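Observations on the model geometry
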Amino acid sequence: MMIDGTQEYSVNMGPQHPSTHGVFRMVVHLDGEVVTNVEPKIGYLHRGLEKMAESRTYNQFIPYTDRLDYLAGPHNSLGYVQAVEKLMGIEVPERAEYLRVIFAELGRVASHLFMIASGSLDICGWTPWSYCTRDRERILDLFEMTAGNRMTLNYFRIGGVSHDVPDEFIPALKSFLDDMPEMIEEYYGIFFGNEIAQSRMKSVGILPKELAENLLITGANLRASGVQYDVRKAEPYGIYDRFDFNVPVLYGCDTYDRHFIRLLEIQESRKILQQALRDIPEGPVMAKVPKVVKPPAGKVYHRVENPKGEMGWYIVSNGTTKPARVRIRTGAFVNVQMLPAIVTGWKIQDLVTIFASMDLVLGEVDK
Amino acid sequence: MLNKILRARVSELADKVNGQVEESLGVLELTINYPYVLEVLTRVKNFADVPCDFLHDLAGMDLEDHFEVVYQLSSLRGPQRLRIIATIERENPVIDSATPLWKGADFLEREAFDMFGIQFRGHPNLKRIYMWDDFEGHPMRKDYVIESHEQRAVMRIRKEGE
């Protein structure tokens, strides 16, 4: 048979491919070098966290929540413990609220730094990778000196945090915040201002505003498509309404903006951290919570702004010590859907950068 | 103020479709029967002044005698929030898909299908999303039996032996 033009064929990418950032698999349909369609296949890291939650008590489930988005552990448990507190009507001590904000924002900075690092690595930029991970290491050191773990902290409790931070924590955090402007300038010079990075990422993989809203995209990816929406501002949880910060928004809708908005968000997180350090009071870090957590029957839906997108916790209690249902809406899981929508028409090497710009972490996609 | 308008709109809608309005922890909750779901979602999405036009979450729920599909709605342009609960019978769980309204409901519905076996009528690609294709059963159902690791290993050996 004679073949006219290029034959369409399918390539399997992943689950062990290094640029899929975990165990993500996609079937890529190609016409020559041009991508005609992508089918995302997920579930390689599915642990059934929702099912596990039903056979564990409320306190026993906290360590599992850290394993969702393992690059920003604190924020996941924040959503869970706040949802349970809402259900039980628990007031959290002031100092614990500030410590929670500090840890959540440090987690966000760590996650965004890693996203920029791995994004640059996907276009063979080794230097930004080592710079970003070097600075992320300082955050992980802060986590380690407090909770003993570097990524999955298990630090938050229903009613507060497990213990106070050590004495050396505050000075170390202060010196990190002082060094941050210099770091950000460095990233800008080495990655965002780089000619190769710009030519590989600018106007590649456009996600228009209407499509983003229709696909239910949330988080920084939505803000890079021109929608100024942040749960921390729209529906402040914890004590986020006390801080003065901006919600950055970019209108380029492309891969470059989805990377660049993370850098802007790191700057805003620094503002929040500085204010939290200034205002943090002394006092207890744990409220009086009964040993056996037994929320009254009811339902609650609590949303938090995770670094990867919005995370929603729908907890249904039937008045016993174990929840009837814990539903986890993760941002990254819904955000996967933008890949087939924006990658069509781009070449296979662009697929890698577009994929990196979505900032997926498979622990959160697969639950 | 906004809450008042939303409450008025929702109770008006509830009368039309024979639903119940409740409020739990500050969020309005509308419980309806499954045949009305597409009509209700379309109306809610196009409410004047208080459109609940962002489907935040779609989740299945097993209540032993029936299933529920829970829609968490909000808006990117206002503080309005609404929860819609559609009840489905357990024997034949079929409900209209929300994908004509939001393309992004695709994965969420596939997950509910995978975990609960709820069929979404009109979904473009209703396949399992987490579990593999020939997996048997729907793990999030309350009557799903979790075998022990040893038991599963024995079953696997038997199956391979056949």
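The text that follows walks through the structure, step by step, so that each part is easy to find.

Conventions we followed
Residues numbered from 1 in each chain as written. Chains lettered and ligands numbered in written order. Predicted model: local features only at pLDDT ≥ 70, side-chain atom pairs only at ≥ 80, totals over all residues. Helix = DSSP H or I, 4+ residues; strand = E, 2+ residues; numbered from the N terminus. Rg over C-alpha atoms; globule rule 2.2 N^0.38 Å. Contact = placed C-beta atoms within 7 Å. Pairing = 2+ DSSP bridges. Axes fitted to C-alpha atoms, helices over the stretch in contact; angles between N-to-C directions. Nonpolar A, V, L, I, M, F, W, Y, C, P; charged D, E, K, R; others polar. Expected span 1.5 Å × (residues − 1). Buried ≥ 20, exposed ≤ 12 C-beta atoms within 10 Å, placed from the backbone. Parallel < 35°, antiparallel > 145°, perpendicular 65-115°, else oblique. Left-handed = near helix turned anticlockwise from the far one by under 90°.

Take the overall build of chain A next. A count of helices and strands for chain A gives 15 helices and eight strands. Here the C-alpha radius of gyration of chain A, 21 Å, is about what a compact globule of 367 residues would show, namely 21 Å. In terms of overall dimensions, chain A has a C-alpha envelope of 75 × 45 × 35 Å along the principal axes. When contacts within chain A are restricted to residue pairs at least 6 apart in sequence, long-range pairs at least 24 apart make up 72% of them.

The next point concerns the sheet that holds strand 2 (residues 27–33) of chain B. Residue and element names in this part refer to chain B. With mixed pairing, the five strands of this open sheet are ordered in space as 1-2-5-4-3. Every other strand in the sheet has two partners, leaving strand 1 (20–24) and strand 3 (54–62) as the edge strands with one partner each. Neighbour-to-neighbour, the strand axes of this sheet turn through a mean angle of 25°, independent of strand direction. Of the strand pairs in this sheet, strand 1 and strand 2 are connected by five bridges, and their pairing is antiparallel. Bridge pairing in strand 2 links Gln-20 to Thr-31. Relative to strand 5 (residues 82–89), helix 2 (residues 37–45) is tilted by about 170°, and along the sheet it contacts strand 2, strand 4 (66–74) and strand 5. Relative to strand 3, helix 3 (residues 105–116) is tilted by about 5°, and along the sheet it contacts strand 3 and strand 4.

A word on the interface of chain B and chain A. The interface of chain B with chain A comprises 25 residues on the first partner and 29 residues on the second. At the level of elements, strand 3, strand 4 and helix 3 of chain B are the ones that each hand at least two residues to the side of chain B that touches chain A. If one sorts the elements of the side of chain B that touches chain A by residue count, strand 3 of chain B sits on top with six residues. When its residues are assigned to classes, the side of chain B that touches chain A shows 17 nonpolar, four polar and four charged.

Once that is clear, we can look at helix 3 of chain B. Relative to the 16 Å expected for twelve residues at 1.5 Å per residue, helix 3 of chain B spans 16 Å between its end C-alpha atoms, a close match to the ideal helical length. Within helix 3 of chain B, eleven of the twelve residues are buried, leaving the element largely enclosed by the surrounding structure. The inward-facing, buried residues of helix 3 of chain B abut helix 12 (331–335) of chain A together with strand 3, strand 4 and strand 7 (119–121) of chain B. One or two positions beyond helix 3 of chain B, positive phi appears at Gly-117 of chain B, with a value near 75°.

Moving on, we get to the packing of helix 5 (residues 126–147) of chain A against helix 6 (residues 169–192) of chain A. All names here are of chain A. Contact pair helix 5 / helix 6: the axes reach a minimum separation of 11 Å and the direction vectors enclose 165°. It follows from the interaxial angle that helix 5 and helix 6 lie roughly antiparallel. As helix 5 runs across helix 6, the sense of the crossing is left-handed. On helix 6, the residues that touch Thr-127, Pro-128, Tyr-131, Cys-132, Asp-135, Arg-138, Leu-142, Met-145 and Thr-146 of helix 5 are Phe-169, Ala-172, Leu-173, Phe-176, Met-183, Glu-186, Tyr-187, Ile-190 and Phe-191. By residue class, the composition of the contact of helix 5 with helix 6 is 13 nonpolar, two polar and three charged.

Time to look at the environment of Leu-216 of chain A. Within the element layout of this structure, Leu-216 of chain A appears in the loop between helix 8 (209–214) and helix 9 (220–223). The spacing of Leu-216 of chain A and Val-334 of chain A is 118 residues in sequence and 6.9 Å in space, taken between C-alpha atoms. If we skip the residues at most four places from it in the chain, Leu-216 of chain A touches Val-334 of chain A together with Phe-54, Leu-55, Trp-102 and Gly-104 of chain B.

The next thing to look at is the pairing of strand 2 of chain B. Residues and elements named next belong to chain B. Going residue by residue along strand 2, you find Leu-28, Leu-30 and Ile-32 tucked away on one face and Val-27, Glu-29, Thr-31 and Asn-33 left uncovered on the opposite face. Between strand 1 and strand 2, which pair antiparallel and follow one another directly, the connecting turn spans two residues, one of which, Leu-25, has a positive phi of 50°. Note that strand 2 and strand 5 share six bridges and pair parallel. Along strand 5, the bridge assignment pairs Glu-29 with Arg-83.

So, about the environment of Met-61 of chain B. All names here are of chain B. You can see Met-61 is positioned in strand 3. A residue is classified by how many C-beta atoms lie within 10 Å of it, and Met-61, with 23 of them, is buried. Along the primary structure Met-61 and Thr-87 are separated by 26 residues, whereas in three dimensions their C-alpha atoms are 9.4 Å apart.

Here we come to the environment of Pro-340 of chain A. Residues and elements named next belong to chain A. Turning to its location among the elements, Pro-340 is positioned in helix 13 (residues 338–343). For Pro-340, a count of 16 C-beta atoms within 10 Å gives the class partly exposed. Along the backbone, Pro-340 and Val-38 are 302 residues apart, and their C-alpha atoms lie at a distance of 5.1 Å. Every residue in contact with Pro-340, bar those within four places of it in the chain, is listed here: Asn-37, Val-38 and Pro-40.

All buried positions along helix 14 (residues 348–358) of chain A are accounted for by Leu-351, Thr-353, Ile-354, Phe-355, Ala-356, Ser-357 and Met-358 of chain A. Residue Asp-359 of chain A follows helix 14 of chain A closely and has a positive phi angle near 60°.

Quick look at the packing of helix 4 (residues 94–121) of chain A against helix 11 (residues 255–279) of chain A now. All names here are of chain A. Running from N to C, helix 4 and helix 11 point in directions that differ by 160°, and their axes come no closer than 9 Å. As far as their axial angle goes, helix 11 and helix 4 are roughly antiparallel. Read as a crossing pair, helix 4 and helix 11 show a hand that is left-handed. Here Tyr-98, Val-101, Ile-102, Glu-105, Arg-108, Val-109, His-112, Met-115, Ile-116 and Gly-119 of helix 4 lie close against helix 11, whose contacting residues are His-259, Arg-262, Leu-263, Glu-265, Ile-266, Ser-269, Ile-272, Leu-273, Ala-276 and Asp-279. Broken down by class, the residue content of the contact of helix 4 with helix 11 amounts to eleven nonpolar, four polar and five charged.

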